[in-house]
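Summary of the model geometry
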Amino acid sequence: MEDTYDFIIVGAGASGAVIASRLAHTPAAPSVLLIEAGGSNAHAAHQSGADRYNAAFAEGSPMNWHYKTVPQTHLAGQKIDYSRGKGLGGSTAINFCGWTVGPRDDYDEWASVVGDSRFTWKNVQRVLKRISNLDPKIPDQRLEDVIRAKPEDHSTTGNLDLTYGEEWIPDVGDIYTAAEQTGHSINRDVNDGDSIGMGMGSVCIAKGIRATSASAYLSRPPPNLKIIVNAPVARVLFDKKRAYGVQCIDGRQFLAHKEVVLAGGALNTPQMLKLSGIGPRDELKRHGIPLVHELPMVGENLQDHCFSTTGIVLAKDPTLPAGPASQSPTPMGWFKLPSVETSSEFQQLPARTQAHMRKPTVPAMEIATHSPPSFLAYEPTESESYLGVICLIMNPQSRGTVTLQSLNPSTAPIINPNFLTHPFDRRLIIDGMREVMRIQRAPIFASRTLKSLGPANESDEAIWEHVKGNLRSSWHMSCTAAMSKHEGDGVVDNKFRVFGVSALRVVDLSVCPFVMNAHTQSTAYVLGEIGAEVLAEEYGLGDVGIGGKA
Ligand SMILES: Cc1cc2nc3c(=O)[nH]c(=O)nc-3n(C[C@H](O)[C@H](O)[C@H](O)COP(=O)(O)OP(=O)(O)OC[C@H]3O[C@@H](n4cnc5c(N)ncnc54)[C@H](O)[C@@H]3O)c2cc1C
C-alpha cells in the first residue's frame, strides 16, 4: 500500500533529519517516511549573516512556531520567547549556528544514569566524527595562540560543514586578554570534551552558507526516503498498545510496518504523546483523551539554559575598521565558580548532583560575548562601542512543564519553564553575573569604559533586581520525555523506546536525562545518529553512516 512505510519519522529537525537519512541509507534500504509540519525552508541556507539572528523572529515567519512561555510571575511577569524552528531543518534552520559539543563528563554521566555505554563520551566522540566536517582555519592570525582546534579531535569527512567563520570582529582578541587578566584560562579548543576556559565554538556556516540538518542530510534523499512537508501530525495511531502509524491534522494517515519515531523537539513531542493517549492520567482525562498508557513524566522535567546580560559602553577606537558584527562567531567561555560550590544552595543539592558538578569538565556558568545592545535596550552613539556579555547558567535545577491547552493539535501547548525558581539557580545567576562584571572591569577595558549597563552594583540584591526583569532563554529546551532506567521516572528507555507501548520511539532533545552543559544542537545530531544505530542493529539493516553524505 502506497502510504505504508517501514519507518515513519515525525519532525525534520536536528535529530529527525539525521535518523531518517541514516536509516534510509543503510544497506537494507528500508522505506522511510519523514513527515514535517512546516515547509521546505528552501531559502534557509542563505541566512547566515545578520539574518541568522533575525529570521527566526520576524512576525508571522512560517519558519517559527512562535511559542512563548506563560508569564513568569516571579520574573516581573515576563513571557519569554520560546521560539522553535518549523520546516525542514527544524530549529537548525533558524538557530544562531553556534557549534559547541559539551563536557565529556556530561556524556559519561548520561551513560551511567541510563546504564548504556552508547552515551559515553568515547562513543559520542566517534559519532561526532561522522557528523562534522571542520575547517579549523581561523581568519585572524593574531589569535592563533588562543583558538586552535586539534585535528585529531575532529573530522573532515562528516556531513555538517563547520568553520570558525570568514571574518572576525576587529577587537575580538580583547576578551581573551580580559579573561587572562581576571585569572581565567584560555581554552584553544572548547569542543574537545573539556570546554573550561575562555575560547570559541565553531559555527555551522561555510562560505557564507548556513548548514542545517536538512542541507547536510536531506539534500539528495535516496528513492526509499520520502519527505512530506506541510503535514503536521496530530497523533500516533495505536492498535491496543502497538503504534502502527500517524494521523495528520488534515486527516491523512500514514502507516508504519516497523516503528514510528517522534522527533518533534522538546515542546511538540510531549504534546504529540499526550494527544496520542500517553501521559499523565489526570491531564488526559481533563481533555477527554482515551488513555493508551499512563506515563506521568511526559511533559515534566523541562530544562533549559536561561541567561541575563550585562554590558559596558566603551570609547570607540577610531583606528579599528568596522567589523562584521553579526557574521562572526562570538567568543564563549565556560567557567567553574568556586563561590557557588561553597554556597549553602549547593550544599543542599543531592549528593550525586554535587559530585557531578565537581567533575573537572563540568562548568557552572557560560559567557558569550558581543551580544547585541538591544538586550539592554541601549543604542551606542557614533563615538561609542559596546561590549555586551550574556551569562548562562549551567546545570539548572529548576524544572518546567509542557501541558496541553486543548485537544486541538494546532493549539500551542502551555509552556512553563519555571526559570530560576530553584534557589541554586538564583545563586548561580547572581554569582555568574558578578563574575561577568568583574571580567568587564579588567584593565584592558577599564581605561576605555564610559559607563556600565545592567545591575546597578554588585550586591546580590542589585543583581537580582536586574536579572528578574532581564532574562531570556537560549532555546535549549530539553528533557520532557527523559530517558531513564525505570518507567517511574522517565518516558523512554536507553533504546529510545516509549515505556509501556511498542513500536514507538522518541529521538530528539526531549530524551536527555539532563540538559547538556553546552549549546544543544550537537547533542540533537548525536541522538539522531545513535537512534539510527539502535534501530539498524535491532532490525538488521546493516551499517549506519556509509554513503549517507548529502
Ligand atoms: C532561535 C534559536 C537559536 C538557537 N541557537 C543555537 C545555537 O547557536 N547553537 C546550538 O547548538 N543550538 C541552538 N539552538 C538550539 C538547537 O537548534 C536545538 O536544540 C535543536 O535544533 C533541537 O533539535 P530537535 O531535533 O530536538 O528539535 P528541532 O530541531 O526543533 O526539530 C523539531 C522538528 O519537528 C517538527 N515538528 C514539531 N511538531 C510536529 C508535528 N506535529 N508534525 C510534524 N512535524 C513536527 C518541527 O517543525 C521541527 O522541524 C537554538 C534554537 C533556537 C530556536
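Rules and cut-offs
- Residues numbered from 1 in each chain as written.
- Predicted model: local features only at pLDDT ≥ 70, side-chain atom pairs only at ≥ 80, totals over all residues.
- Heavy atoms only, no water.
- UniProt positions renumbered as here; feature names shortened; annotations may be inferred.
- Helix = DSSP H or I, 4+ residues; strand = E, 2+ residues; numbered from the N terminus.
- Rg over C-alpha atoms; globule rule 2.2 N^0.38 Å.
- Buried < 20%, exposed > 50% of the residue type's maximum accessible area, 1.4 Å probe, protein only.
- Contact = heavy atoms within 4.5 Å.
- Areas by Shrake-Rupley, 256 points an atom, 1.4 Å probe, with all protein chains shown as cover.
- Lys, Arg positive; Asp, Glu negative; His and termini not counted.
- Charge placed at Lys NZ, Arg CZ, Asp CG, Glu CD.
- Core = buried A, V, L, I, M, F, W, Y, C linked by side-chain atoms within 4.5 Å.
- Domains from an automatic or database assignment.
- Buried area = accessible area lost by both parts, 1.4 Å probe.
- Salt bridge = Lys/Arg side-chain N within 4 Å of Asp/Glu carboxyl O.
- Polar contact = N/O pair within 3.5 Å; in protein donor to acceptor, adjacent residues only side chain to side chain.
- Nonpolar A, V, L, I, M, F, W, Y, C, P; charged D, E, K, R; others polar.
- Pairing = 2+ DSSP bridges.
- Axes fitted to C-alpha atoms, helices over the stretch in contact; angles between N-to-C directions.
- Parallel < 35°, antiparallel > 145°, perpendicular 65-115°, else oblique.
- Near = heavy atom within 4 Å.

The name that an unreviewed UniProt entry assigns to the protein is Alcohol oxidase, with the source organism given as Ophiobolus disseminans. Taken verbatim from the UniProt record of the protein, the Cofactor (unreviewed entry) comment is "FAD".

A count of helices and strands for the protein gives 15 helices and 24 strands. Taking 2.2 N^0.38 as the reference for a compact globule, 550 residues should give roughly 24 Å; the C-alpha atoms of the protein span a radius of gyration of 23 Å, in line with that estimate. C-alpha extents for the protein along the principal axes are approximately 75 × 45 × 45 Å. Per-residue burial for the protein yields a buried fraction of 62% across its 550 residues. Restricting the contact set of the protein to residue pairs at least 6 apart, pairs at least 24 apart contribute 76%. Accessible area of the protein: about 20200 Å², with a carbon and sulfur share of 52%. Charged side chains in the protein number 51 positive and 58 negative. The centres of these two groups are separated by 4 Å.

Among the nonpolar cores identified, the biggest contains 151 residues, and Trp 110, Leu 273, Ile 278, Leu 420 and Leu 504 are the most heavily contacted of them. Considering every element that reaches this core, the biggest residue donor is helix α15 (residues 521–538), with 9 residues. Two domains each donate at least three residues to this core, and these are domain 1 (1–48 + 60–75 + 83–97 + 211–304 + 399–411 + 476–550) and domain 2 (143–207 + 306–395 + 420–470). In contact with Ile 278, other than residues within four places in its own chain, are Phe 238, Leu 273, Leu 284, Val 292, His 293, Leu 295, Val 298, Val 498, Val 501 and Leu 504. Grouped together as the second largest cluster of nonpolar side chains are 9 residues, Val 190, Phe 307, Met 332 and Ala 368 included.

Domain assignment breaks the protein into domain 1 (1–48 + 60–75 + 83–97 + 211–304 + 399–411 + 476–550) and domain 2 (143–207 + 306–395 + 420–470). One C-alpha centre belongs to domain 1, the other to domain 2, and the line joining them spans 32 Å. If you look at the interface, domain 1 gives 19 residues, while domain 2 gives 24 residues. Buried surface at the junction of domain 1 and domain 2, summed over both partners, amounts to about 1700 Å²; 54% is from carbon and sulfur atoms. Linking domain 1 with domain 2 are 0 salt bridges. If you look at where domain 1 meets domain 2, you find 6 residue pairs in polar contact (both at pLDDT 80 or more). Contributing elements (two or more residues each) for the side of domain 1 that touches domain 2: α6 (213–217) and α15. Looking at the side of domain 1 that touches domain 2 residue by residue, the classes come out as 9 nonpolar, 7 polar and 3 charged.

We now examine the pairing of strand β11 (residues 233–239). With 5 of its 7 residues buried, β11 lies for the most part within the structure. The sheet contact formed by β11 and strand β12 (residues 242–248) spans 6 bridges and is antiparallel. Bridge pairing links Asp 239 to Arg 242 in β12. In textbook terms, the turn of a hairpin is the stretch between consecutive antiparallel strands, and for β11 and β12 this stretch comprises 2 residues, one of which, Lys 240, has a positive phi near 55 degrees.

Okay, the packing of helix α12 (residues 423–440) against helix α14 (residues 460–467) next. Running from amino to carboxyl end, α12 crosses α14 at an angle of 100 degrees, the nearest separation of the two axes being 10 Å. Regarding the angle of α12 to α14, the classification is roughly perpendicular. Residues Arg 426, Arg 427, Ile 429, Ile 430, Met 433, Arg 434 and Met 437 of α12 lie in contact with α14, whose contacting residues are Asp 460, Ile 463, Trp 464, His 466 and Val 467. Each residue belonging to the contact of α12 with α14 can be placed in one class, and the counts come to 7 nonpolar, 1 polar and 4 charged.

Attention now goes to the UniProt feature "domain: Glucose-methanol-choline oxidoreductase N-terminal" (unreviewed entry) in the protein. Within the UniProt annotation, "domain: Glucose-methanol-choline oxidoreductase N-terminal" (unreviewed entry) is assigned to residues 85–108 and 265–279. Segment residues 85–108 splits into 21% helix and 8% strand. End C-alpha atoms: 29 Å apart. A distance of 16 Å separates the end C-alpha atoms of residues 265–279, which is 73% helix and 13% strand.

Below, the discussion takes up the site of the ligand. Taken together, 38 residues surround the ligand, and among them Glu 36, Ser 91, Gly 98, Thr 520 and Gln 521 come closest. Ala 37 places a main-chain nitrogen or oxygen 3.0 Å from a nitrogen atom of the ligand. In this structure, a nitrogen atom belonging to the ligand sits 2.8 Å away from a main-chain N or O atom of Gly 98. Protein chains bury 98% of the 1000 Å² of accessible surface belonging to the ligand in isolation. Those elements that place two or more of their residues in the shell around the ligand are α1 (14–24), α7 (265–275) and α15.

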